[in-house]
Each structure stands twice: as C-alpha cells, then as structure tokens.
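Examination of the molecular architecture
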Amino acid sequence: MTAMGQREKEPAGGEPSSESVEDFMEDGTGEVKVTDRQRVGPDGDTAPEEQLASDEVVVDAGEHSLRERLAEAESKRLEAERQVVEFADRFRKAQTQMRVENHELRLRLQRNFEQKLEVARGDLVASLLDSLDNLQRAVTAAESSEGREKDVAALIEGIRATADLFESQMKSLGLSAVESLGAEFNPEVHEAVEIVPGAPEDDNRVVAEMQPGYRLGERLLRPARVRVGRSRES
C-alpha cells in the first residue's frame, strides 16, 4: 500500500462505487478521511453541505412557527382576561342598577299605598260630616230656645259634649276646619252662596259662614259655604 495512493471504494456486493476516488484520502496512518466535499450528518452518516443547510432552514421555520403559536396563545389569554374583567364590571353595574330600581319600586309602592289610604280615610270622614253638622245644629237650636228648663239644659250639655267628642275624634284623623269668618274670600276653599252689602273693610271678605268647610291633611273634603261682603264703593 502506498502512503498517498488513491483507491476506489467497492461496495459489499463487489461492484465499484459511483463515488469518485477524490472523495476519500488516506494519510500516513492508513485512516480514510472525508474530504471537504462531505460532512458528518446528525445520525453519524456523512451528509452534503446542501442537506445541512436545508435542515437548518427547517429548524428555523419550526422555531418561528412555535413562537407564533406562543404569541397567539398569549394574545388569547389576554383577551380572555379582558372579557372576564369586562363581564365582572357589567355584573357589578347590573347589581347596582337592580338595587336602585328595587329601592325606587318600594318607594313608589309605599307612596301609592299612602295615597290610597288617604283617599279612603277622607271618604270615611266625609261620610260623617253630616252627622257632625246635625249635632252642631241641635246645640245651636237648644241654646237659642227661650224656655230653658233643667231638662233642656241637660240635653244641651249632653249634645255639646257629644259634638265636642265627635269633633275631637275627627281631628285625630287629620280633619281640620277651613278658615272662613273674617278671611278673604278664596274660591279654592270657599263657596259663595250669597253676596251682601257691607262696609269697605268687609269687601270681598267672608262675613258669615253657612256651613263649615273641612280639610283632611292637604286634601279639601268640602269647601265652606259662606256669605261674602261687597262694599258699595267697589
């Protein structure tokens, strides 16, 4: 064997290889060296430089694809967190709005109930006004009677006590009399049944009350029926 001779590598079947003898060299130790035209591949086999470059491109592409998938997963995570925060904020706002609406509903129901109660109470009191009027007329008639005997005096006292008690009970329900005698005529609370001539200071003023008017709270149950003075100078 020569030190720097060239050989042809034969395959196991005995046929000569198609590779050029220039692909192998033998040094002084008898070892065969791979020339610069070949490199060792990842599995131990020799691989050309073009194949190695192609493998590097594949690795770069896989790394780039992995980064894209990671970036996409991160974007989806951030979007999911944003949606959770947005949903929680909407839920809190809905709870607050519901509490406000429930409070307003309770107030509205309470006002409606109080209004209906006020109307019912007013109707009840209005139905008793005639009885009160009759009692007051009886007291007036008894007081103006000329023959005051003891039984008449006792009757008057009993009727007066009954009228006072009845009127006190009505006031406890919120009943109040309309101010009339001497007051300026007010068509909102007074009903003029007669206009009579009077002094200048009595012009457009109530000079006599024919039937008292009553309020229940702020509600007018009935106006006072009055006589109104009219000055001759007006």
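Scroll up to find the structure this text is about.
Here we summarise the structure given alongside this text. (Residues numbered from 1 in each chain as written. Predicted model: local features only at pLDDT ≥ 70, side-chain atom pairs only at ≥ 80, totals over all residues. Heavy atoms only, no water.)

Moving on: the pairing of strand 9 (residues 219-222). Sheet topology note: the strand 8 (residues 214-216)/strand 9 ladder contains three bridges and is antiparallel. What sits directly across from Tyr214, in strand 9, is Arg222. Counting the residues that bridge the hairpin from strand 8 to strand 9 gives two residues, and of these Gly217 lies at a positive phi of roughly 70 degrees. (Pairing = 2+ DSSP bridges. Helix = DSSP H or I, 4+ residues; strand = E, 2+ residues; numbered from the N terminus.)

Ranked by size, the top nonpolar core spans nine residues in total: Val125, Leu129, Leu132, Phe166, Met170, Leu175, Tyr214, Leu216 and Leu221. When residues of this core are traced back to their parent elements, those giving at least two are helix 1 (49-143), helix 2 (150-172) and strand 8. Apart from residues no more than four positions distant in its own chain, Leu129 is found in contact with Met170, Leu175, Tyr214 and Arg222. (Core = buried A, V, L, I, M, F, W, Y, C linked by side-chain atoms within 4.5 Å. Buried < 20%, exposed > 50% of the residue type's maximum accessible area, 1.4 Å probe, protein only. Contact = heavy atoms within 4.5 Å.)

With that out of the way, let us pick up the sheet that holds strand 7 (residues 206-211). Across the sheet, which stays open at both edges, the three strands sit in the order 6-10-7 with mixed pairing between neighbours. Single-partner strands in this sheet number two, and they are strand 6 (190-198) and strand 7. Averaged over all neighbouring strand pairs, the angle between strand axes comes to 25 degrees, with direction disregarded. Strand direction decides the pairing type here: strand 7 and strand 10 (residues 224-231), joined by four bridges, are antiparallel. Paired with Val206 across the bridge in strand 10 is Val228. (Axes fitted to C-alpha atoms, helices over the stretch in contact; angles between N-to-C directions.)

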